[in-house]
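Observations on the three-dimensional arrangement
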Amino acid sequence: MAMVEEIEKYAKENNIPIMQKDGINYLVNFIKTHNIKNVLEIGTAIGYSAIMMCMASEDVKVTSIERDNERYLEAVSNVNKFHLDDRISLIFGDALDLKLDGTYDLIFIDAAKAQNIKFFEKYKFNLKDDGYIITDNMNFHGLVKKPLEEIESKNVRGIVKKIIEYKEFLVTNDSFDTEFLEIGDGIAVSHKEDV
Ligand code: SAH
Ligand code: MG
């Protein structure tokens, strides 16, 4: 079995929410067409999207943060299998506690769905002028479009509310121009406006 498929299989068997196929294809293509060189990813899981993003071009470098130790270690092992340790820098920690100095062409937010505003507000300072912030899971498996009272779990309802709040935050954000795409689990592409 090819190595990429092995990671996909591992993710499926262990319930690890890696990006859906069309979502990852969009992201890889976006990196190519926008000439992205440096990516910051929040939410590595087992390194699937980080590895795929590196396949967009030889010049792509990814820094990725993961707070779950088991997943982080699996990501380290996967990155090594692909000999990408010189291009992918994995950080073990909570993205809300860290402070990074680097600046990036693209920030990909794919972590705790209820924390998106916090990730955005914290890491926008690490974005280059003219950079992009892409956020995954804007549809949350279709739940975001469902009437809230039809969602039984209080916990899930809470997350849905947070995603709706985040959408509103993006729509009303004067410094960024956001497009919402019906790809994968819903993707938001936010472009930093020239000031
Ligand atoms: N981008 C990956 C999937 C990430 S799944 C891929 O497509 O291959 C989301 C991950 O974000 C989970 O592994 C979770 O542990 C991590 N995460 C959630 N909140 C986080 C935080 N505050 N800091 C770092 N990692 C976080
Ligand atoms: Mg996701």
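Residues numbered from 1 in each chain as written. Chains lettered and ligands numbered in written order. Predicted model: local features only at pLDDT ≥ 70, side-chain atom pairs only at ≥ 80, totals over all residues. Heavy atoms only, no water.

**Points about helix α5 (residues 116–123)**
When α5 is considered as a whole, its buried residues turn out to be N116, F119, F120 and Y123. Down the axis of α5, the sector holding all buried residues measures 95 degrees, keeping them to one side. (Buried < 20%, exposed > 50% of the residue type's maximum accessible area, 1.4 Å probe, protein only. Helix = DSSP H or I, 4+ residues; strand = E, 2+ residues; numbered from the N terminus. Arc of directions from axis to C-beta.)

**Structural notes on the coordination of the magnesium ion (ligand 2)**
The magnesium ion (ligand 2) binds to the protein through D110 (OD), D136 (OD) and N137 (OD1); the donor distances cover 2.0 to 2.2 Å. Of note, the donors binding the magnesium ion (ligand 2) are all from one chain and are spaced D-x25-D-N. Of this pair, D110 sits in the loop between β4 (104–109) and α5 while N137 is found in the loop between β5 (127–135) and α6 (154–171), placing the two residues 27 residues apart along the sequence. Its relative accessible area of 14% is what places D110 among the buried residues. For N137, a relative accessible area of 13% gives the class buried. (Donors = N, O, S within 2.8 Å, 3.2 Å for Na, K, Ca; no water.)

**Digging into the site of ligand 1**
By nearness alone, 21 residues border ligand 1, and M19, S49, E66, R71 and D110 come closest of all. At 2.9 Å, a backbone N or O of A95 approaches a nitrogen atom of ligand 1. Out of a free accessible area of 580 Å², ligand 1 has 94% covered by protein chains. Contributions of two or more residues to the shell around ligand 1 are made by α3 (48–54) and β2 (61–66). Class assignment of the residues belonging to the shell around ligand 1 gives a composition of 10 nonpolar, four polar and seven charged. (Near = heavy atom within 4 Å. Polar contact = N/O pair within 3.5 Å; in protein donor to acceptor, adjacent residues only side chain to side chain. Areas by Shrake-Rupley, 256 points an atom, 1.4 Å probe, with all protein chains shown as cover. Nonpolar A, V, L, I, M, F, W, Y, C, P; charged D, E, K, R; others polar.)

**Describing the packing of aromatic side chains**
Under the counting rule described, the total for this entry stands at seven aromatic pairs. Ring geometry for F120 against F176: centres 4.8 Å apart, planes inclined by 70 degrees, an arrangement best described as edge-to-face. Taken as a pair, F120 in helix α5 and F176 in strand β6 (residues 176–181) lie far apart in primary sequence, 56 residues in all. Residue F120 is classed as buried on the basis of its relative accessible area of 0%. Joined through ring pairs, the aromatic side chains of F120, Y166, F169 and F176 make up one cluster. One cation-aromatic arrangement involves K167 over F180; the distance from NZ or CZ to the ring centre is 5.7 Å. (Phe/Tyr/Trp six-rings, centres within 6.5 Å; stacked < 30°, edge-to-face > 60°. Lys NZ or Arg CZ within 6 Å of the ring centre and 35° of its normal.)

**Here we look at the side chain of T44**
Tracing the sequence through the fold places T44 in the loop between β1 (38–42) and α3. What makes T44 buried here is its relative accessible area of 3%. In this structure T44 touches S64, I65, E66, A75 and L90, once residues within four positions along its chain are discounted. (Contact = heavy atoms within 4.5 Å.)

Note that every value here comes from positions in space, so none of it alone points to a role or purpose.
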